[in-house]
Amino acid sequence: MIIELNGIYGGLRFSAAHIVFGHESCGVIHGHSYYIDVKLSGEQTGQFNFVCDFKVIKNIVKELANEMDHKLLVPKYHPEVKYEIKDDYLFMEYNHNGTLKKYMFPCCDVLMLPLKSTTAEEMSEYFGEHIKNGLDKLGLLGSIEWIETTVNEGIGQGARSNLLVK
């Protein structure tokens, strides 16, 4: 059985800014109104014969979406970006098309993600892992076969990943 949550209608959304370091046009600060779609495949179990309670999945996704909401999303492991945190500020620099760009942001406005890039592709995988870990902590992962997560950067464009659990 497959269950599905539509992020636009289910309120699984957030707004954030990011930089796709090195990309010609997306290598500058810009933002999106993201929404996350989720599909789970698994066995129906428990008192109500659910694959998983929709509210449980929503809470797990919203937890991460709320952390990201109205933040600058910065990849912690990008190989060409230098970071330093000093006095509650993030100092960041990288070479964009031959020009050294330097930034300074209050840490409270930034969310450092354990990723190489903040593309929809990498964030889709990150959300999938977050859902998997959340279900595992709740003891609900046993009947799940796979988790499909789509991070949309607006209507009509997004990246989908599929995480095999079993």
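Residues numbered from 1 in each chain as written. Predicted model: local features only at pLDDT ≥ 70, side-chain atom pairs only at ≥ 80, totals over all residues. Heavy atoms only, no water.

Draft legend 1. Spotlight on the overall build of the protein. Helix and strand counts for the protein stand at three helices and ten strands. Walking the protein from its N terminus toward its C terminus, one meets helices and strands in the order β-α-β-β-α-β-β-β-β-β-α-β-β. With the C-alpha coordinates of the protein rotated into their principal frame, the extents come out at 60 × 35 × 25 Å. Within the protein, the fraction of its 166 residues that count as buried is 43%. Sequence separation of at least 24 residues holds for 61% of the intrachain contacts in the protein that already meet a minimum separation of 6. Counting only carbon and sulfur atoms, one obtains 49% of the accessible surface of the protein, whose full area is about 9,300 Å². Here the protein carries 16 positive and 22 negative side-chain charges, and the mean point of each set is 2 Å from the other. (Helix = DSSP H or I, 4+ residues; strand = E, 2+ residues; numbered from the N terminus. Buried < 20%, exposed > 50% of the residue type's maximum accessible area, 1.4 Å probe, protein only. Contact = heavy atoms within 4.5 Å. Areas by Shrake-Rupley, 256 points an atom, 1.4 Å probe, with all protein chains shown as cover. Lys, Arg positive; Asp, Glu negative; His and termini not counted. Charge placed at Lys NZ, Arg CZ, Asp CG, Glu CD.)

Draft legend 2. Broad picture of the nonpolar core. Core analysis: the largest hydrophobic core is formed by 31 residues, its most contacted members being Phe14, Leu40, Met68 and Leu135. Listing elements by their share of this core, those giving two or more residues are β1 (2-5), β2 (13-18), β3 (30-42), α2 (54-68), β8 (110-113), α3 (120-137) and β9 (144-152). Excluding residues that lie within four positions of it along the chain, Leu135 makes contacts with Leu40, Cys52, Val56, Ile60, Leu140, Leu141, Ile144 and Ile147. Among the nonpolar cores identified, the runner-up in size contains twelve residues, and Ala17, Phe21, Leu72 and Phe105 belong to it. (Core = buried A, V, L, I, M, F, W, Y, C linked by side-chain atoms within 4.5 Å.)

Draft legend 3. A look at the sheet that holds strand β7 (residues 99-106). Within the open sheet, the three strands sit side by side as β5-β6-β7. Their pairing is antiparallel. The open sheet has two edge strands with one neighbour each: β5 (82-86) and β7. Averaged over all neighbouring strand pairs, the angle between strand axes comes to 15 degrees, with direction disregarded. Relative to β7, strand β6 (residues 89-96) is paired through eight bridges, and the arrangement is antiparallel. Residue pairing across strands places Glu93 opposite Lys102, the latter belonging to β7. (Pairing = 2+ DSSP bridges. Axes fitted to C-alpha atoms, helices over the stretch in contact; angles between N-to-C directions.)

Draft legend 4. Quick peek at the packing of aromatic side chains. Scanning the entire structure with this criterion turns up five aromatic pairs. Measuring from centroid to centroid gives 4.7 Å for Phe14 and Tyr34, while their planes differ by 15 degrees, and the two rings are stacked. Note that Phe14 is positioned in strand β2 and Tyr34 in strand β3, a separation of 20 residues in sequence. Residue class for Phe14 comes out buried when judged on its relative accessible area of 2%. Assessed through its relative accessible area of 1%, Tyr34 is described here as buried. Relative to Tyr94, the ring of Phe21 has its centre 4.5 Å away and its plane inclined at 80 degrees; by these criteria the two rings are edge-to-face. (Phe/Tyr/Trp six-rings, centres within 6.5 Å; stacked < 30°, edge-to-face > 60°.)

Draft legend 5. Spatial organisation of the layout of surface pockets. Counted as a void, the largest pocket has a volume near 200 Å³. Along its surface, the largest pocket is lined by 14 residues, and Phe50, Val51, Cys52, Asp53 and Leu140 are the ones closest to its centre. The class makeup of the residues in the lining of the largest pocket is six nonpolar, seven polar and one charged. (1 Å grid on protein atoms, 1.4 Å probe; cavity = no way out; pocket = protein on both sides within 12 Å on 5 of 7 lines; lining within 4 Å. Points joined across faces, edges and corners; volume = space filled by probe spheres on them. Nonpolar A, V, L, I, M, F, W, Y, C, P; charged D, E, K, R; others polar.)

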